[in-house]
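Okay, here's what each chain looks like letter by letter:
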Amino acid sequence: MKRPVVELSDCIRCEVCVEACPAVFRMNDAGFVEVADLSIYPEEEVNEAIKNCPADCIFWQDD
Ligand code: SF4
């Protein structure tokens, strides 16, 4: 199974991914992006977030 991962050291916290795919990406209380723990990820929406992330810091990782 593959899951989306955010490279937090590159993330500029713009929240574009949260807008593109709120089922997967959210800002936590500390102001960092978190990836929801799902068994299946909505591939198209995640790909949209990947495409629009200005810092290019979201990628798919195989478990
Ligand atoms: S779109 Fe990219 S840079 Fe913006 S908050 Fe999401 S992961 Fe961070």
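Right above here is the structure, for reference.
Residues numbered from 1 in each chain as written. Predicted model: local features only at pLDDT ≥ 70, side-chain atom pairs only at ≥ 80, totals over all residues.

Help me understand the overall build of the protein in this model?
When helices and strands are counted, the protein shows 2 helices and 4 strands. When the helices and strands of the protein are placed in sequence order, the string is β-α-β-β-α-β. Taking 2.2 N^0.38 as the reference for a compact globule, 63 residues should give roughly 11 Å; the C-alpha atoms of the protein span a radius of gyration of 10 Å, in line with that estimate. Its C-alpha atoms give the protein principal-axis dimensions of roughly 25 × 25 × 20 Å. Of all 63 residues assigned to the protein, the portion counted as buried reaches 16%. Relative to all contacts within the protein whose residues are 6 or more apart in sequence, the contacts with residues 24 or more apart total 61%. (Helix = DSSP H or I, 4+ residues; strand = E, 2+ residues; numbered from the N terminus. Rg over C-alpha atoms; globule rule 2.2 N^0.38 Å. Buried ≥ 20, exposed ≤ 12 C-beta atoms within 10 Å, placed from the backbone. Contact = placed C-beta atoms within 7 Å.)

I'm lost on the site of the ligand in this one. Help?
Around the ligand, a shell composed of 14 residues is seen, among which C11, C14, V16, C17 and C53 lie nearest. Of the residues belonging to the shell around the ligand, the class tally is 12 nonpolar, no polar and 2 charged. (Near = placed C-beta within 6 Å. Nonpolar A, V, L, I, M, F, W, Y, C, P; charged D, E, K, R; others polar.)

Before we go on, may I ask you to explain the environment of F59 in this structure?
Mapped onto the elements, F59 comes out in strand β4 (residues 58-62). With 13 C-beta atoms packed within 10 Å, F59 lands in the partly exposed category. For the pair formed by F59 and K2, sequence separation is 57 residues and the distance between their alpha carbons is 9.9 Å. Discounting residues that sit within four places of it in the chain, F59 has contacts with V5 and I50.

Quick question: what am I supposed to make of the environment of D62 here?
Within the secondary structure, D62 is located in strand β4. On the basis of neighbour counts, which here come to 6 C-beta atoms within 10 Å, the residue D62 falls in the exposed class. A sequence separation of 32 residues divides D62 from A30, and the C-alpha atoms of the two residues are 27 Å apart.

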